[in-house]
Amino acid sequence: MSDAIRIGLPFMKMHGLGNDFVVVDARARSVELPVTLVRAIADRRRGVGFDQLAVITVGQADAHLVFYNSDGSESAACGNATRCIARYLMDETGKTDLTLTTARGTLRACDAGAGLTSVNMGRPQLDWRDIPLAHEVDTLALPIDGAPVATGMGNPHCTFFVEDADEIDLAARGAAIETHALFPERTNVQFASLMGPDHVRLRVWERGAGITLASGSSSCAVAVAAVRRGLTGREVRIDLDGGTLDIAWRDDGVWMTGPTMHVADGQLTPEFMKAVT
């Protein structure tokens, strides 16, 4: 961290459908990110601002990714950030197919054409122990008002199917469910409405981040929940506040496809680093 304080810390700003990220490329040098620094960078008035921060490191495959929420906590998965970084690495290397490792496991990413990027987020976790939940319950109908569905995608998800997702007080409901006692590691919260055959409207409260315009892992979890409830087929269009993702639950995992954007490159100044670490 002493080098970063002395010379600053380069970063990239990216987003997937408005779900925004600060990305630090740590393949050439190690980077320490204490909670105080992550929170300071996340501050949208005094720092840079992000929903998640991602770090690219050298891995046994094409790269290894580590994710942090805006409150400084780590997350095992972040689907939109994975897609953004995959696109960056494809542009860098000329490859159209990548293997990335994360705390969630090994993920495959590929160029889907037309500027879109696909990532296989792995097989969903459906057993209460794996999500995880505090005790054994039916994951298809949790004992919570509204009987939501619980799904693990490397991080926990709680999906409510409602008549109109836009009528939900997302800030109040999301915050309350995130810390429900049934979820020992807290949870991402989704409110989803059926719009038509294999078409879902989705709003998201992210664990450790709050309301977000989009969430890849949440979209995957909602598609899985919809299939399990018999509401859709295995290929689902998800309309989020920031745009649309296409989700396909296949034998090898849950594939997510959508656009990405590399917005800018920047550098945290030595003055900023010194002040917040």
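Each remark here, short or long, concerns the structure printed above.
Residues numbered from 1 in each chain as written. Predicted model: local features only at pLDDT ≥ 70, side-chain atom pairs only at ≥ 80, totals over all residues. Heavy atoms only, no water.

J.: Explanation requested: the overall build of the protein in the structure shown.
T.: When helices and strands are tallied, the protein shows six helices and 17 strands. Taking 277 residues into account, the globule formula puts the C-alpha radius of gyration at 19 Å, and the protein, at 18 Å, falls close to it. Taken across its 277 residues, the protein has 53% of its residues classed as buried. Taking all contacts inside the protein whose residues are at least 6 apart in sequence as the whole, residues at least 24 apart take part in 62%. When the accessible surface of the protein is totalled, it reaches about 11600 Å², and 49% of it is carbon and sulfur. (Helix = DSSP H or I, 4+ residues; strand = E, 2+ residues; numbered from the N terminus. Rg over C-alpha atoms; globule rule 2.2 N^0.38 Å. Buried < 20%, exposed > 50% of the residue type's maximum accessible area, 1.4 Å probe, protein only. Contact = heavy atoms within 4.5 Å. Areas by Shrake-Rupley, 256 points an atom, 1.4 Å probe, with all protein chains shown as cover.)

J.: Please explain the nonpolar core as it appears in this structure.
T.: Considering soluble globular proteins, one finds that nonpolar side chains tend to be buried as a cluster. Formed by 48 residues in total, the largest nonpolar core has its most connected members in Val23, Met121, Ile238, Leu240 and Ile247. Here the element with the most residues in this core is helix H5 (residues 216–228); it accounts for eight residues. Aside from chain neighbours lying at most four places away, what touches Leu240 is Leu17, Arg201, Leu202, Val204, Leu213, Ala214, Ser215, Ser219 and Leu245. (Core = buried A, V, L, I, M, F, W, Y, C linked by side-chain atoms within 4.5 Å.)

J.: Just checking my understanding: could you explain H5 for this structure?
T.: Residues lying three or four places apart along an α-helix face the same way, a consequence of the helix completing one turn every 3.6 residues. Spanning 13 residues, H5 covers 19 Å between terminal C-alpha atoms, matching the ideal 18 Å at 1.5 Å per step. Most of H5 is tucked away: twelve of the 13 residues are buried. Taken together, the buried positions of H5 are occupied by Gly216, Ser217, Ser218, Ser219, Cys220, Ala221, Val222, Ala223, Val224, Ala225, Ala226 and Val227. Immediately beyond the C-terminal end of H5, within one or two residues, lies Gly230, with a positive phi of roughly 75°. (Expected span 1.5 Å × (residues − 1).)

J.: How should I be thinking about empty space enclosed by the protein in this particular structure?
T.: Gaps between atoms show up when a probe of the same size as a water molecule is rolled over them. Applying the stated criterion across every chain yields a total of one cavity of 30 Å³ or more. Around the largest cavity, the lining residues are Gln52, Asn69, Ser75, Ala77, Cys78, Asn155, Asn188, Glu206, Arg207 and Ser217. Residues belonging to the lining of the largest cavity are distributed by class as follows: two nonpolar, six polar and two charged. (1 Å grid on protein atoms, 1.4 Å probe; cavity = no way out; pocket = protein on both sides within 12 Å on 5 of 7 lines; lining within 4 Å. Points joined across faces, edges and corners; volume = space filled by probe spheres on them. Nonpolar A, V, L, I, M, F, W, Y, C, P; charged D, E, K, R; others polar.)

These figures capture arrangement, not role.
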